[in-house]
Each structure stands twice: as structure tokens, then as C-alpha cells.
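# Close look at the chain arrangement
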Amino acid sequence: MTDSADTPSFRLAYVPGVTPAKWARIWAERLPYTPLVLLQTSPAEADALLREGGADAAFVRLPVDRAVFSAIPLYTETTVVVVPRDHVITAAEEITLDDLADEVVLHPLDDVVGWERPPGEAAFERPATTEDAIELVAANIGVLVVPQSLARLHHRRDLTYRTLVDAPQSEVALSWPEEATTDLVEDFIGIVRGRTVNSTRGRAQQPPAAEQKKDERRKPQPGGAPRRSTAAGARGRSGGAKGAGGAKSGGTKGGGSRRGAGGGKPRRRS
């Protein structure tokens, strides 16, 4: 494992359709002194981003090059077909590939379903992106098969989708370069796998030395609050001493008041 002590932040890339908010929130709670930088990338660019060190880890769609990357499969997505709201396909809750035999099925260049040739009839040309393909569906040019998360990401009021039960499915995974398995990568793996702070590999981050010194300065000193000596208190103590001396002095000078000043009982006349 390589040392990540000098890493100022953790850079996490993710492809469209993946929502890293839940894991980012846990990261902020567990490692508050290491910023998490989120980088959205296309499926085609995710590989190069990790290879070139532009990100420490990424949520990607399988497959990945296992000779270079480690990967932890997380979940498999439902595959759906996106169609106009008034399309005949919307009469059923689920459809099969045979139901698309007479449809023009768009095949964008950034397709993530993973088939060489979609079912149905091919369009005259392939759209550059999934977003472009969505626009063509809205224009009644054809239909589009995508993972459900992408159908939600590109939601439009005039479009809807139905589950395609026998189509290939897309699998989402956490991936990172095998040779760059840092402590921070291990921390994020623990979060993704649901480890708690008290588990074997889970850990709560300790504040840096500068933050620790700030916290120590904020803490109350032992022994409680210090005693305060005010000028008024000093004058009160000084004034009391003078007053006692004044009573003695006054008794000596006045003669007859010595008995009262002395504090003894007066003698009763018989």
C-alpha cells in the first residue's frame, strides 16, 4: 500500500447515471479534514482519467482492464427502453427484445449497454451521445435502450420508459489503479462497503496538528475559573483594616468611648 499522507484531497470521478451523494456525505462526516473532490466524466474518458492520475478512484461501468485496475462491483441496473408517451409500447409494463423488432433502435456512440448491434432496425447514423439520442426519441425518430439511471437523468415530460426484461444489463463498480491503492482509497472502499468507524478497517480521521492546537486552546484550563482580584475588593479589605484602627485611635483620644470599642459588657449599677 502506498502512503497517502501528502494527499491534500481525494478525487472521485463518476460516470453519468451514478449518484455519489450518499457516499460523499459519509466521507465528509468521517474524514472532515480531507476534501472530497467530485469529477463527472464520460464512460469513454474514465479509463484515461484513472490511468493518468487525474482521479484517485471512480464509479464506472464494467468491464474494466483488470490488468491495471481493481474493481468492486456494486449493483446491476435495470435496462429500459425510452419511448414517446403515446407510443404503443407504453400499453405494457414490461417488454422483450422481440417487441422491438419493428422499431428503429438508436445506438449512440457512448452506448453503455454493451451490445454490438441493438435489436430492431438500425438508424441511418449513430448519435454522438445518449443525450443526442434522447432528442431523436422526442422527435419520433426511434427508441433508445439504456440503463434506468440514464433514462431518469435525461427525463423529459414528453417521454417515458418501460423495462426491457431480456436485454443486457449494465453493472456499476468502484474502480481504481491497482498500484495506487492508498490509505484514502481504502477509506473510501470501507465507506462503500458499509464499514462503520468501529470496524476493523474503518477509521475516523484525527485532526491535523494545527487543528489540535486550536482545540486545546479552546478547552477550559484545569482547576476551574481563576480567582479574580478586583480593585473594589482590595479597597474593601484595606478599608476594613483602617476602620478597625480608627476605632482604636478614636477610643484612645476620646477617653470615654473605650468601653464600647473594647466590646466588653457594661458594668451594672447596684
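What comes next is a walk through the structure. Quick caveat, the model's predicted, so the values are computed rather than measured.

Of regular secondary structure, the protein possesses eight helices and eleven strands. Relative to its full complement of 270 residues, the protein shows a buried share of 36%. Long-range contacts, defined as pairs at least 24 residues apart, comprise 71% of the intrachain contacts of the protein with a sequence gap of at least 6.

Here the distance between the centres and the angle between the planes together describe a pair of aromatic rings. Per the stated rule, a full pass over the model turns up five aromatic pairs. Taken together, a centroid distance of 6.0 Å and an interplanar angle of 50° make the contact between Trp27 and Phe188 tilted. You can see Trp27 sitting in helix 1 (residues 21–30) and its partner Phe188 sitting in helix 5 (residues 183–192), a full 161 residues away along the chain. On the basis of relative accessible area, Trp27 is assigned to the buried category, the value being 1%. Ring-pair connections join several aromatic residues into one group, and the members of that group are Phe10, Trp23, Trp27, Phe59 and Phe188.

With the rule as written, the count across this model stands at six salt bridges. The residue Arg11 makes a salt bridge to Asp56 at a minimum N-O spacing of 3.1 Å. Of this pair, Arg11 sits in strand 1 (residues 10–14) while Asp56 is found in the loop between helix 2 (43–51) and strand 3 (57–61), placing the two residues 45 residues apart along the sequence. Taking the relative accessible area as the measure of exposure, Asp56 reaches 14% and is therefore buried.

The subject of this paragraph is the sheet that holds strand 11 (residues 171–177). Taking strand neighbours across the sheet as the criterion, the five strands line up as 2-1-3-11-4 in an open arrangement whose pairing is mixed. The open sheet has two edge strands, strand 2 (36–40) and strand 4 (69–76), and neither has a second partner. Neighbour to neighbour, the strand axes of the sheet diverge by 20° on average, direction disregarded. Where strand 4 lies against strand 11, seven bridges are found, and the strand directions are antiparallel.

Moving on, we get to the pairing of strand 2. Sheet analysis places strand 1 next to strand 2, joined by five bridges and oriented parallel. Bridge assignment links Phe10 to a residue of strand 2, and that residue is Leu36. Each parallel crossover has a hand, and for strand 1 linked through helix 1 to strand 2 it is right-handed.

What follows is about the layout of surface pockets. Taken as a whole, the largest pocket encloses approximately 280 Å³ of empty space. If you list the elements that add at least two residues to the lining of the largest pocket, you get helix 2 and strand 3. With five residues, helix 2 is the largest single contributor of residues to the lining of the largest pocket. When grouped by side-chain class, the residues that make up the lining of the largest pocket number twelve nonpolar, one polar and five charged. In this structure, the second largest pocket spans a volume of roughly 160 Å³. If you trace the second largest pocket, you find it lined by Pro16, Ser42, Pro43, Arg61, Asp110, Val112, Thr129, Thr130, Glu131, Leu150, Leu153 and His154.

Here is what the cut-offs are and how they apply
- Residues numbered from 1 in each chain as written.
- Predicted model: local features only at pLDDT ≥ 70, side-chain atom pairs only at ≥ 80, totals over all residues.
- Heavy atoms only, no water.
- Helix = DSSP H or I, 4+ residues; strand = E, 2+ residues; numbered from the N terminus.
- Buried < 20%, exposed > 50% of the residue type's maximum accessible area, 1.4 Å probe, protein only.
- Contact = heavy atoms within 4.5 Å.
- Phe/Tyr/Trp six-rings, centres within 6.5 Å; stacked < 30°, edge-to-face > 60°.
- Salt bridge = Lys/Arg side-chain N within 4 Å of Asp/Glu carboxyl O.
- Pairing = 2+ DSSP bridges.
- Axes fitted to C-alpha atoms, helices over the stretch in contact; angles between N-to-C directions.
- Right-handed = clockwise from strand over helix to strand, strands pointing away.
- 1 Å grid on protein atoms, 1.4 Å probe; cavity = no way out; pocket = protein on both sides within 12 Å on 5 of 7 lines; lining within 4 Å.
- Points joined across faces, edges and corners; volume = space filled by probe spheres on them.
- Nonpolar A, V, L, I, M, F, W, Y, C, P; charged D, E, K, R; others polar.

As far as function goes, none of this settles anything; it's purely spatial.
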